[in-house]
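Coordinate analysis (summary)
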Amino acid sequence: MSRVQTIEVDRDSDGMRLDRWFRARFPHITQGRIEKLCRKGDIRVDSGRVKPATRLEEGQSVRVPPLPDAQDDRPAPGRKALTLSDEDIRALQDLVIYKDADIIALNKPAGLPVQGGSGQTRHIDGMAAALQFDAPQPPKLVHRLDKDTSGILIMARNGRAAAGLAKAFQSHDTRKIYWAAVAGVPHPRAGTIRYGLVKAPGHGPHGAGEKMICIHPDAVKGTEGAKRATTDYVVIEALASRAAWVALSPITGRTHQLRAHIAEIGNPIVGDGKYGTNRQTNEGDGWGAQLGGDISRKLHLHARSLSFTHPTKGRRMTLVADLPDHMKRTWDTFGWNPADAAGDPFEDLA
């Protein structure tokens, strides 16, 4: 059992959710335990009570209560464990696109949450036992994707890998490239979006209905709760002026950053009613998020590739995830071929 610790939030952790920050440092502590510690007030930030979804700020002090050692963090007696059916196990294992002794990578489908709130278990974190295979414990999350975003999700199979991957994400030693179908065609066809982001008022409990508002970079410093955010983008292919296949690379990692940024320049991601409205047609200035016809109304945002340094082998790796079915159908409809895209479409812009 550890002692009470006070840890200062560093620059690389600025804007990170408390639960994600906590689990990156203490990967053996479950999401449920973090939520309980927050409810009891055992975890505090600058001496104040917090929720798991609280966003941390550089310079804040996090009080970490005494924690059990990894080998002692067992479910409490009588606690009912999640029962996974054979179908659940097969479905989760079918998502695996890479596995070694230290890491496991999935191609997460759209609609499957990575984590859940209190009492929720139908998410990857709650069903991680299906991905244990020959490891002594289930894999742990080291980053996340939004529920409706598909693509690469990497997990750590041991403590050493968890610490190494957490450090890589915090130090920006990872390269994430997303593919999106957007309404209209961004102009110019390549650029960097630097709008700051601030949470809109009136969001629901536990972040339900959460939406981010873009503000001018010069206004970030004077806006309470605002964070700087940077996204690179490049148009890979366009369908006249109706739609475009865009690669997005987040330089920072803010909530809904890609969705809010690309919508702010007038080209919301197809299927994103939150940031682009649900209008079916282009009525002049400002596209809706739906294209109509046979195009799916699901969000067209996919974490296509992730490059990182292996946490124990030290070699550079790039993992690639195939498009989900609803995006494949859109690509086929528009005549876009994934094989035509460079592995890193931003390299030619350097």
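In this text, all values refer to a predicted model and were calculated from it rather than measured experimentally.

The secondary structure content of the chain amounts to 7 helices and 16 strands. Residue burial in the chain is summarised as follows: out of 350 residues, 48% are buried. Sequence separation of 24 or more characterises 66% of the internal contacts of the chain that already satisfy a separation of 6 or more. Just so you have it, the chain exposes about 16,900 Å², and 47% of that area is on carbon and sulfur atoms.

Attention now goes to the environment of arginine 228. Inspection of the secondary structure assignment puts arginine 228 in the loop between β12 (212–215) and β13 (231–239). With 25 residues separating them in the primary sequence, arginine 228 and glycine 253 have C-alpha atoms 9.8 Å apart. In this structure arginine 228 touches Gly196, Pro217, Val220, Lys221, Thr252 and Arg254, once residues within four positions along its chain are discounted. A polar contact is formed between the side chain of arginine 228 and the backbone oxygen of proline 217, at a distance of 3.1 Å.

Our next topic: the sheet that holds strand β1 (residues 5–8). Reading across the sheet, the 4 strands line up as β1-β4-β2-β3 and stay open at both edges, with antiparallel pairing between neighbours. The sheet terminates laterally at β1 and β3 (48–49), the two strands that pair on one side only. In this structure, strand β2 (residues 44–45) lies alongside β3, joined through 2 bridges in antiparallel fashion. Directly across from arginine 44, in β3, lies its bridge partner arginine 49.

A few words on the pattern of salt bridges. Inspection of the entire model under this criterion finds 11 salt bridges. Lysine 313 is the salt-bridge partner of aspartate 102, the closest N and O atoms lying 3.8 Å from each other. Of this pair, aspartate 102 sits in the loop between β5 (96–99) and β6 (103–108) while lysine 313 is found in the loop between β15 (301–309) and β16 (316–320), placing the two residues 211 residues apart along the sequence. Residue class for lysine 313 comes out partly exposed when judged on its relative accessible area of 44%. For aspartate 146, the salt bridge is made with arginine 144, and the minimal N-O distance between the two is 3.5 Å.

Before going further, it helps to spend a moment on the packing of helix α1 (residues 18–25) against helix α2 (residues 31–40). It is the contact of α1 with α2, at a shortest axis distance of 10 Å, that shows an interaxial angle of 120°. In terms of orientation, α1 lies oblique with respect to α2. For the element pair α1 and α2, the recorded crossing hand is right-handed. Every residue of α2 that contacts α1 at Leu18, Asp19, Phe22 and Arg23 is listed here: Gln31, Ile34 and Cys38. The residue makeup of the contact of α1 with α2, split by class, is 4 nonpolar, 1 polar and 2 charged.

In total, this model carries 7 aromatic pairs according to the counting rule given. Taking the centre distance of 5.0 Å and the plane angle of 75° together, the rings of tryptophan 179 and tryptophan 245 count as edge-to-face. Of this pair, tryptophan 179 sits in strand β9 (residues 175–183) while tryptophan 245 sits in strand β14 (residues 243–250), placing them 66 residues apart in sequence. This pair shows no difference in class: tryptophan 179 is buried, exactly as tryptophan 245 is.

A separate point is the nonpolar core. The biggest cluster of nonpolar side chains holds 31 residues, and the ones touching the most others in it are Leu106, Met155, Leu248 and Leu301. Elements represented by at least two residues in this core include exactly β6, β8 (150–156), β9, β13, β14, α5 (257–264) and β15. In this structure, this core is formed jointly by two domains, domain 2 (86–171) and domain 3 (177–334), each of which donates at least three residues. Counting residues in each nonpolar core, the second largest holds 18 residues, with Trp179, Ala243, Leu323 and Phe346 among its members.

This part covers the UniProt feature "active site" (unreviewed entry) in the chain. Sequence positions flagged by UniProt for "active site" (unreviewed entry) are, in local numbering, Asp146. Along the chain, the position of aspartate 146 falls in the loop between β7 (140–141) and β8. The exposure class assigned to aspartate 146 is partly exposed, which follows from its relative accessible area of 21%. When near neighbours in sequence (up to four residues on either side) are disregarded, aspartate 146 contacts Lys108, His256 and Arg259.

This brings us to the packing of α1 against helix α4 (residues 159–170). Where α1 contacts α4, the axes come no closer than 8 Å and their chain directions differ by 135°. Classified by the angle their axes make, α1 and α4 are oblique. Side by side, α1 and α4 meet where Arg20, Ala24 and Arg25 of the first sit next to Ala162, Ala166, Phe169 and Gln170 of the second.

In this section: unusual backbone geometry. With an omega dihedral of 0°, the bond running from histidine 187 to proline 188 counts as a cis peptide bond. Among the secondary structure elements, proline 188 is positioned in the loop between β9 and β10 (190–193). For histidine 256, which is not glycine, the phi torsion reads 55° and is therefore positive. The class for histidine 256 is buried, based on a relative accessible area of 12%.

Here β6 lies mainly inside the structure; 6 of its 6 residues are buried. By the alternation rule, side chains of β6 split into Ile103, Ala105 and Asn107 and Ile104, Leu106 and Lys108, which are all buried. When β5 meets β6, the two strands line up antiparallel, connected through 3 bridges. Bridging from a neighbouring strand, tyrosine 98 pairs with alanine 105 of β6. Hairpin connection of β5 to β6: 3 residues between the antiparallel strands. As paired elements, β6 and β8 share 6 bridges and run antiparallel to each other. Within β8, the position partnered with isoleucine 103 by the bridge is alanine 156.

Rules behind the numbers
- Residues numbered from 1 in each chain as written.
- Predicted model: local features only at pLDDT ≥ 70, side-chain atom pairs only at ≥ 80, totals over all residues.
- Heavy atoms only, no water.
- Helix = DSSP H or I, 4+ residues; strand = E, 2+ residues; numbered from the N terminus.
- Buried < 20%, exposed > 50% of the residue type's maximum accessible area, 1.4 Å probe, protein only.
- Contact = heavy atoms within 4.5 Å.
- Areas by Shrake-Rupley, 256 points an atom, 1.4 Å probe, with all protein chains shown as cover.
- Polar contact = N/O pair within 3.5 Å; in protein donor to acceptor, adjacent residues only side chain to side chain.
- Pairing = 2+ DSSP bridges.
- Salt bridge = Lys/Arg side-chain N within 4 Å of Asp/Glu carboxyl O.
- Axes fitted to C-alpha atoms, helices over the stretch in contact; angles between N-to-C directions.
- Parallel < 35°, antiparallel > 145°, perpendicular 65-115°, else oblique.
- Left-handed = near helix turned anticlockwise from the far one by under 90°.
- Nonpolar A, V, L, I, M, F, W, Y, C, P; charged D, E, K, R; others polar.
- Phe/Tyr/Trp six-rings, centres within 6.5 Å; stacked < 30°, edge-to-face > 60°.
- Core = buried A, V, L, I, M, F, W, Y, C linked by side-chain atoms within 4.5 Å.
- Domains from an automatic or database assignment.
- UniProt positions renumbered as here; feature names shortened; annotations may be inferred.

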